[in-house]
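Here is what each chain is made of, one letter per residue.
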Amino acid sequence: EEGEALDDFDLGRVRAYLNHDEPGCRAGAARVAGRTVDFEAAGPLLELLGDESSIVASAAHQALQDITDLRFGPSAQRWRLWHQREMNWWADRGEVLVESLPRLSRAHRISALNELASHPLQRRHIAPAVEPYLEDVDSRTVMMALSVLESARARASVPLIEPLLAHPSEDVQL
């Protein structure tokens, strides 16, 4: 089932199979990584795009598309370029942006949340920093926080999102 929830331990065990000797195991692990939207598997999946087995390469490509919602072709070069840009963005700007959220004005915070929404690869770090803004008094901030969590597919945030069904602003009500 798409978006299945596995804990970090299980996801780590699945990722280990991406390096298995048997192509069927590698392909199966790639499919599970895609179904579970395991952003941390992106790096190893990139390597599988060039696998000698076309079944493994195809499963890795589909998994990357499922995880990222991007529709790049099967070219490993294009995916590696995207991945490197994401890693560079995180190192150069993303981490500082996340840390600065509490100190930003509303307008700058909304802009920062918008930027974070377009970079879900680091969701493990982004989602916890954004969750407090689901309770902000400003409906625009709440909407942007929801956008970030949606792009990051942060399932752990669902219990925090459910109360928004009764939010005073109709713009926020789900």
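Being a predicted model, the structure only gives us computed values, none of them experimental.

Check the secondary structure of the protein chain and you find 9 helices and 0 strands. Counted from the first residue to the last, the protein chain has its helices and strands arranged as α-α-α-α-α-α-α-α-α. The buried share among the 174 residues of the protein chain stands at 47%. Contacts in the protein chain between residues at least 24 apart in sequence constitute 58% of all its contacts with a sequence separation of at least 6. For the protein chain, the computed accessible surface area is about 9,600 Å², with 52% contributed by carbon and sulfur atoms.

Right, let's get into the pattern of salt bridges. Applying the stated rule across the entire model yields 8 salt bridges. Measuring nitrogen to oxygen at the nearest pair gives 3.9 Å for the salt bridge that ties Arg-13 to Asp-10. Taken together, the positions of Arg-13 and Asp-10, both in helix H1 (residues 8-16) and 3 residues apart, correspond to about one turn of that helix. A salt bridge links Arg-106 to Asp-136, with the nearest nitrogen and oxygen atoms 3.0 Å apart. One end of the pair, Arg-106, is in helix H6 (residues 106-117); the other, Asp-136, is in the loop between helix H7 (123-130) and helix H8 (139-151), with 30 residues separating them in the sequence. Through salt bridges with shared partners, a single network forms among Arg-106, Arg-109 and Asp-136.

Here the focus is the nonpolar core. Of all hydrophobic cores here, the largest spans 25 residues; its most connected members are Leu-18, Leu-45, Leu-48, Leu-49, Leu-64 and Trp-79. Every element with two or more residues in this core is listed here: helix H2 (23-35), helix H3 (42-48), helix H4 (54-68) and helix H5 (76-100). Per-element tally for this core: the top contributor is H4, with 6 residues. Grouped together as the second largest cluster of nonpolar side chains are 23 residues, Leu-101, Ile-110, Ala-117 and Ile-126 included.

This brings us to the packing of aromatic side chains. What the rule picks out here adds up to 3 aromatic pairs. Ring plane angle 50 degrees and centroid distance 6.1 Å describe the contact between Trp-89 and Trp-90, whose orientation is recorded as tilted. Of the two residues, Trp-89 and Trp-90, neither departs from the other in class, the shared state being buried. Note that Arg-78 overlies the ring of Phe-72, its terminal NZ or CZ placed 3.8 Å from the centroid.

This part covers unusual backbone geometry. As a rule of thumb, non-glycine residues mostly have phi less than zero, and peptide bonds are mostly trans rather than cis. In this structure, Val-37 is a non-glycine residue whose phi angle is positive, near 50 degrees. Along the chain, the position of Val-37 falls in the loop between H2 and H3. The phi dihedral of Asp-69 falls on the positive side, at around 65 degrees, and the residue is not glycine. Mapped onto the elements of the fold, Asp-69 is located in the loop between H4 and H5.

On to H4, then. With 15 residues, H4 should reach 21 Å at 1.5 Å per residue; the first-to-last C-alpha distance of 21 Å fits that figure. Immediately beyond the C-terminal end of H4, within one or two residues, lies Asp-69, with a positive phi of roughly 65 degrees.

This part is about the side chain of His-83. Its place among the elements puts His-83 in helix H5. Here His-83 falls in the buried class, since its relative accessible area comes to 17%.

The subject of this paragraph is H5. Here H5 is 25 residues long and its end C-alpha atoms lie 34 Å apart, about the 36 Å a rise of 1.5 Å per residue gives. At Trp-90, H5 shows its largest kink, close to 55 degrees. Residues of H5 that are buried include every one of Ala-76, Trp-79, Trp-82, His-83, Glu-86, Trp-89, Trp-90, Gly-94, Leu-97, Val-98 and Ser-100, and no others. Tucked into the core, H5 has its buried residues touching H3, H4, H6 and H7.

About the thresholds
Residues numbered from 1 in each chain as written. Predicted model: local features only at pLDDT ≥ 70, side-chain atom pairs only at ≥ 80, totals over all residues. Heavy atoms only, no water. Helix = DSSP H or I, 4+ residues; strand = E, 2+ residues; numbered from the N terminus. Buried < 20%, exposed > 50% of the residue type's maximum accessible area, 1.4 Å probe, protein only. Contact = heavy atoms within 4.5 Å. Areas by Shrake-Rupley, 256 points an atom, 1.4 Å probe, with all protein chains shown as cover. Salt bridge = Lys/Arg side-chain N within 4 Å of Asp/Glu carboxyl O. Core = buried A, V, L, I, M, F, W, Y, C linked by side-chain atoms within 4.5 Å. Phe/Tyr/Trp six-rings, centres within 6.5 Å; stacked < 30°, edge-to-face > 60°. Lys NZ or Arg CZ within 6 Å of the ring centre and 35° of its normal. Expected span 1.5 Å × (residues − 1). Bend = angle between axes of the 7 residues up to and from the residue.

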